[in-house]
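As a plain string of letters, each chain reads:
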Amino acid sequence: MFFVPEFPDRPGSFKTIPYDTVISLKAETHNFPTTVEPFNGAATGSGGEIRDRIAGGRASFPVAGTAVYMTSYPRLENGLHREQGREWMYHSPEDILTKASDGASDFGNKFGQPLICGSLLCFEHMGDGQRLGYDKVIMLAGGVGFARMQDALKGKPRKGDKIVLLGGDNYRIGMGGGAVSSVATGEYGNAIELNAVQRANPEMQKRVYNAIRALAESGENPVISIHDHGAGGHLNCLSELVDDVGGKVDMDRLPLGDPTLSAKEIIGNESQERMGLVLSPADVPLLQETAARERAPMYVIGEITGDGRFTFENSRTGERPIDLELEDMFGSVPRTFMEDATLDPLFEPLVCRQDDASLTGYAEMVMQLESVACKDW
């Protein structure tokens, strides 16, 4: 049973409406950003996972989130059975666990989605001439929500439908983040890696979600298709919005927070808290009124063309940095070949003494593991 406002765009009474629903589940890693900048890395991991669920079908409702962290051992105090004085590339495990936990919780609290559970694993092993551990942190953001069953599948855009952007301006943020995340941390150098990290803005995401939720709770949801802006920015989001039919985006209508951005930076930046939607022209005024009420920036940035092409064009200058057949973007993905190498390390035999002092010592060592006893980060 839904308890919803009678009107999405103006004051009114609430009403109850019965709907069949489906559950939405999502999990994604945000390892590289959390390694380089723990607070924003974990915050945008949680925020991006929330947006993915919002973009399910023709709009979904997030409810609760989870967070998982895996790092090497922190060096919290002397006396632990761990070597001292390690060199960390960006942040120590203690730094990462403290700041990442704060970042993920901060985003959830400000957006309005609680983190209800999670897990922690710290691991290192030295032996046989090798040192193993999570020097590149594993950060896993997950969550659960629901959608109306009638909105569980996206609609198909038609020629003349409008492409709409909800959310903030374009900045030189998250440049190449998706690509940099896929290689070993440190491979590109500090300047490139720091520039690839996204920045969190949960308040903006809440405004955007409120506008989308208002439409999705309406008797007839006008959203035809919806996609979140994550890795790859506009290039990824908008191309997938039009991938069945083709569309044109007017770059002059994209909001610029930094007027010095090049065309490539405008198209590919990963500024957060943005959503792309496809609506029929008749439904655009409803979203405009709803977004204005929620103080969510909204821009009509393009149109479905039906010509099988994906185009970015500046209507003011005539510049056209992207004009491709959709089949060239989606139809011939190169095949990736990967070769694995199996390691067969030689471990020292485990020897455990059975006297009271030894057993007490073993218990103390187990309790010092961050994944066993609460350390109140």
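Quick notes on the rules
Every residue gets a number counted from 1 within its own chain, in the order that chain's sequence is written. Note on the predicted model: pLDDT of at least 70 is required for a residue's local features to be given, and 80 or more for side-chain atom pairs to be given and counted; whole-chain, interface and lining totals, by contrast, use all residues. In computing side-chain values, all of the structure's heavy atoms are included and hydrogens and water are not. Segments assigned H or I by DSSP are reported as helices when at least four residues long, segments assigned E as strands when at least two residues long, and all are numbered from the N terminus. Remark: exposure states derive from per-residue accessible area (1.4 Å probe, protein chains only) relative to the maximum for the residue type, with buried under 20%, exposed over 50%, and partly exposed in between. Whether two residues are in contact is decided by their heavy atoms: any pair within 4.5 Å suffices. Positive charges come from Lys and Arg alone, negative charges from Asp and Glu alone, with His and the N- and C-terminal ends not counted. Note that the charge is assigned to NZ on lysines, CZ on arginines, CG on aspartates and CD on glutamates. At least two DSSP bridges between two strands are required for those strands to pair. What counts as an axis is a line fitted to C-alpha atoms, over the stretch in contact for a helix, and the angles between N-to-C directions run from 0 to 180 degrees. Multiply 1.5 Å by the residue count of a helix minus one, and that product is the helix's expected span. Here the arc refers to the set of directions running from the helix axis out to each C-beta atom. To form a nonpolar core, buried Ala, Val, Leu, Ile, Met, Phe, Trp, Tyr and Cys residues must be joined to one another through side-chain atoms within 4.5 Å. Only centres within 6.5 Å qualify two rings of Phe, Tyr or Trp (six-membered ring in Trp) as a pair; their planes then separate them into stacked at under 30 degrees, edge-to-face at over 60, and tilted for everything else. Whether a charge sits over a ring depends on NZ of Lys or CZ of Arg being within 6 Å of the ring centre and within 35 degrees of the ring normal.

Asks: Give a detailed account of the overall build of the protein chain, specifying residues and quantitative values.
Replies: On a plain count of helices and strands, the protein chain comes out with 11 helices and 15 strands. Overall, the protein chain is about 80 × 50 × 35 Å in size when its C-alpha atoms are taken along their principal axes. Per-residue burial for the protein chain yields a buried fraction of 44% across its 377 residues. In the protein chain, the proportion of contacts linking residues at least 24 apart, taken out of those at least 6 apart, comes to 81%. With 36 positive and 55 negative side-chain charges, the protein chain shows a separation of 6 Å between the mean positions of the two kinds.

Asks: If you had to explain the sheet that holds strand 11 (residues 247–250) to someone new, which residues and values would you point to?
Replies: One key point about sheets: their strands pair by backbone hydrogen bonds, in either a parallel or an antiparallel sense. An order of 10-12-9-13-11-14-15 is seen for the seven strands of this open sheet, with the pairing classed as mixed. Because the sheet does not close on itself, it has two edges, and the strands there are strand 10 (225–228) and strand 15 (322–325). Going across the sheet, the axis of each strand differs from the next one's by a mean of 20 degrees, ignoring polarity. Pairing geometry for strand 10 and strand 12 (residues 274–279), over four bridges, is antiparallel. Considered in strand 12, the bridge of Ile 226 is made with Leu 277. In the packing of helix 2 (residues 38–54) onto the sheet, contacts are made with strand 10 and strand 12, and the angle to strand 10 comes to roughly 170 degrees. Against the sheet, helix 6 (residues 202–216) makes contact with strand 9 (162–167), strand 10 and strand 12, and its axis sits at roughly 140 degrees relative to strand 9, the strand it touches most.

Asks: Summarise helix 3 (residues 93–111); cite the residues concerned and give the values.
Replies: In this model, helix 3 (19 residues) spans 27 Å end to end at C-alpha, consistent with the 27 Å of a helix rising 1.5 Å per residue. The set of residues buried in helix 3 consists of Pro 93, Ile 96, Leu 97, Ala 100, Gly 103, Ala 104, Phe 107, Gly 108 and Phe 111. Down the axis of helix 3, the buried set is contained in an arc of 145 degrees. They therefore lie on one face. At its buried positions, helix 3 is contacted by helix 1 (31–36), helix 2, strand 4 (61–71), strand 5 (115–122), strand 8 (138–148) and helix 6.

Asks: Describe the nonpolar core, with residues and values.
Replies: Grouped together as the largest cluster of nonpolar side chains are 31 residues, with contacts concentrated most on Ile 54, Leu 166, Ile 212, Ile 226, Met 275 and Leu 287. Secondary-structure elements contributing two or more residues to this core are strand 1 (2–5), helix 2, helix 3, strand 9, helix 6, strand 12 and helix 9 (284–294). The element contributing the most residues to this core is helix 6, with seven residues. The contacts of Met 275, once residues within four sequence positions are left out, are Arg 51, Ile 54, Ala 55, Val 164, Leu 165, Leu 166, Val 208, Ile 212, Ile 226, His 227, Asp 228 and His 229. Among the nonpolar cores identified, the runner-up in size contains 22 residues, and Met 251, Ile 266, Ile 267 and Ile 304 belong to it.

Asks: Pulling in residues and values, what's your account of the packing of aromatic side chains?
Replies: Enumeration according to the criterion identifies nine aromatic pairs in this entry. Ring geometry for Phe 111 and Tyr 209: centres 5.5 Å apart, planes at 45 degrees, overall tilted. Of the two residues, Phe 111 sits in helix 3 while Tyr 209 sits in helix 6, which places them 98 residues apart along the sequence. Cluster of aromatic residues (ring-pair linked, three or more members): Phe 2, Tyr 19, Phe 61 and Phe 146. Across from the ring centre of Phe 7, 3.8 Å away, lies the NZ or CZ of Arg 10, which sits over that ring.

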